[in-house]
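Read off the chains here:
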Amino acid sequence: MATTAVAPQVAPRLAQPHLTLQTLPIGADTLAIRSQDWDRDRFDIEFALENGTTYNSFLIRGEKVALIDTSHEKFRQLYLDCLQGILDPAQIDYLVVSHTEPDHSGLVGDLLELAPQMTVVASKVAVQFLEDLVHRPFQRLVVKQGDRLDLGKGHVLEFISAPNLHWPDTILTYDHGTQILYTCDVFGMHYCDDFAWDEHPHLLQADFKLYYDCLMGPNARSVLSALKRMEALPPIAAIATGHGPLLRHHLSDWVEHYRTWSLEQAKAERMVAVFYLSGYGKAEALAQAIARGIQKTGIQVELADLRLVDAHEVRELMSLAAGVVIGMPPQSGPEAATTQVLLKTLLASAHSKQGFGLFESGGEDDESVYLCRNTLQEIGAKEVFAPILLKQPAGEALLQLAEEAGTDLGQWLTRDRSIQQMKALDADLDRALGRISNGLYIITARKGQATSAMLASWVAQASADPPGISIAVAKDRAIESFLQVGDTFVLNVLQEGHYQPLMRHFLKRFPPGADRFAGIKTYPAANGSPILADALAYLECRVVSRLETSDHWVVYSTLEAGRVSSPEGLTAIHHRKVGNHY
């Protein structure tokens, strides 16, 4: 790729001293628009920044015009004024959304106001997210691995699926005309400088590594999958990232760093491979729900779409996976020939040390879960949760069942780790910590048709005005999904001398999707959650914020209503002797 060196143009910093824009050509018919946030010192809650950051956007002008990503909403006026100074937004034919994280898609709604004619190009998941973000109709083009879009003048865009880097809807975009790969967060770093390229790698190394560790490292196997798909592309002359400098001077070094770090991390972590066929029945929604449940337990997940993987990748994943989940592919239809080969490869690669779970996809002609189940059991693999059968509509209750099944699989894989952690605590400290006593409570919650409940003791009043409480909930508890910010629930207070039947009931290990309230007298609270008729008191709560610790979420909630059924009753107290478990 040959380009003429042109000095970048930097907008003056007079109007907003900490926010500037830089524009520069990076290839034929291609312009970079870099929103420079010089003084940002923290990125969300993930990590502190020492050198600010940038939000990079790109304009390709073939016979058709494509804009790749936008900017953070804090740059709204600066960015839109700059873009309108370059061209009339009515000339934009396509907006490529690499993923929907707000720092890259924060101005999509504004652009649609200025250019309602443009077509949004994104992954299926990204389009679904955007529908909830922009609240207006828009033209869309859903793309998947290997799809192409011809802009004319040699600019043929090819799309690479890169889910979980670091959002589930991520795509990369390769321009065959300039050999530039647009990667959004991948290979990025939080580093703000007027040097638009990577001329000085020694200044960038620390920020590049920190960015990888915080955002890409937790999805190391997804990084390796994306790198493999990149290998199938023609030569890459430059990588245009969404944050920090663009990469071309030391391109092979940056890519090799990702490969080396990801291989090291992938070997060190336990992983579950979840196989499904996107666009078939409810397979994708169920696979994602199961994956969420597994990830609660700290186990990594590799979502493997049977449309995108080949037999070699299936064998590789199965060789690394401690657990495997399979959504049943079709027995007939256009995809059947391919998926049958992959399913046979998958089953032939399984081994006796793996845990597994199966689910029906709900397509027109699913493979039998029982034939796959028999094959896996015959080799000695452990069935961790019973097959998920689609005997009910794919609503909240079914997705809850799937998520709880995933959590069961994750807990099975971490059972030895949990025992080791309990034994690791200093004995004297363990006994002293156990002398902290708490009351006994049942948390109950409802979302749509899905309900959940949990026995809790780590509960405390946290504020007086407004009245509020804090509850510590282990990350792998099923009810954690019902305690997101904005959710409502009921805290039922158990009564001293009358709590044993309720405690015994809610201490049981329920199978995925089981009705926690079978045989229990309840009535609905104003917020819809169940109130236990035999509780001493109840409080109706709304989640306001959450604090993450190493193994729990501390959930702060304000109180909206409450009542005591027995004014003379006392709260049941839970006395422990050790602090390493409840």
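Before reading on, note that the structure itself is shown above.
Values in this document were obtained by computation on a predicted structure and should not be read as measured data.

1. Re unusual backbone geometry
The residue after Asp465, namely Pro466, is reached through a cis peptide bond having omega 0°. With respect to the helices, strands and loops of the structure, Pro466 is situated in the loop between strand S24 (459–464) and strand S25 (467–474). Phi angles above zero are rare outside glycine, and Phe187 is one such case at about 70°. When you line up the elements, Phe187 lands in the loop between strand S14 (180–184) and helix H5 (201–216). Judged by relative accessible area, Phe187 falls into the buried class, the value being 0%.

2. Looking at the environment of Thr558
Within the element layout of this structure, Thr558 appears in strand S30 (residues 552–564). Judged by its relative accessible area of 17%, Thr558 falls in the buried class. Residues Thr558 and Ser470 lie 88 residues apart in sequence; the distance between their C-alpha atoms is 9.0 Å. If we skip the residues at most four places from it in the chain, Thr558 touches Pro466, Pro467, Gly468, Glu540, Cys541, Arg542 and Val544.

3. As for the pairing of strand S16 (residues 271–276)
Residues in a regular strand project their side chains so that they alternate between the two faces of the sheet. In terms of burial, S16 is largely enclosed, as six of its six residues are buried. In S16, alternate side chains face the same way, and those of Met271, Ala273 and Phe275 on one face and Val272, Val274 and Tyr276 on the other are all buried. Note: S16 against strand S17 (residues 300–305), six bridges, orientation parallel. The residue bridging Val272 from the neighbouring strand is Val301, located in S17. Tracing the backbone out of S16, into helix H8 (residues 283–296) and back to the parallel element S17 gives a crossover that is right-handed. Pairing of S16 with strand S18 (residues 323–327) involves four bridges; the strand directions are parallel. For Phe275, the partnering residue across the bridge sits in S18 and is Ile326.

4. Some words on the pattern of salt bridges
Using the criterion set out here, one finds 24 salt bridges in the structure. Ionic pairing is found between Glu284 and Lys124, a salt bridge with its closest N-O pair at 3.9 Å. Taken as a pair, Glu284 in helix H8 and Lys124 in helix H4 (residues 124–134) lie far apart in primary sequence, 160 residues in all. Given the relative accessible area of 16%, Glu284 is considered buried. Of the charged contacts, one joins Glu480 and Arg546 as a salt bridge, the two residues approaching to 2.6 Å between their closest N and O atoms. You can see Glu480 sitting in the loop between S25 and strand S26 (488–493) and its partner Arg546 sitting in strand S29 (residues 537–548), a full 66 residues away along the chain. The exposure class of Glu480 is buried, given its relative accessible area of 8%. Overlapping salt bridges, with partners in common, bring together Arg292, Lys296, Glu403, Glu480 and Arg546 in one network.

5. Points about the packing of aromatic side chains
Centre-to-centre distance and the angle between the planes together describe a pair of aromatic rings. In this structure the tally under the stated criterion is nine aromatic pairs. With a centroid separation of 5.5 Å and 40° between ring planes, the pair formed by Phe208 and Tyr258 is classed as tilted. Here the residue Phe208 occupies a position in helix H5, and Tyr258 occupies one in helix H7 (residues 251–268), the gap between them amounting to 50 residues. The exposure classification of Phe208 matches that of Tyr258, with both residues buried. Chaining the aromatic ring pairs together yields one cluster made of Phe187, Phe208, Tyr212, Trp254, Tyr258 and Trp261. The lysine or arginine in question, Lys209, covers the ring of Trp261, its NZ or CZ lying 5.0 Å from the ring centre. For Lys475, the ring lying beneath its charged end belongs to Trp553, and the centroid distance is 5.9 Å.

How each quantity is defined
Residues numbered from 1 in each chain as written. Predicted model: local features only at pLDDT ≥ 70, side-chain atom pairs only at ≥ 80, totals over all residues. Heavy atoms only, no water. Helix = DSSP H or I, 4+ residues; strand = E, 2+ residues; numbered from the N terminus. Buried < 20%, exposed > 50% of the residue type's maximum accessible area, 1.4 Å probe, protein only. Contact = heavy atoms within 4.5 Å. Pairing = 2+ DSSP bridges. Right-handed = clockwise from strand over helix to strand, strands pointing away. Salt bridge = Lys/Arg side-chain N within 4 Å of Asp/Glu carboxyl O. Phe/Tyr/Trp six-rings, centres within 6.5 Å; stacked < 30°, edge-to-face > 60°. Lys NZ or Arg CZ within 6 Å of the ring centre and 35° of its normal.

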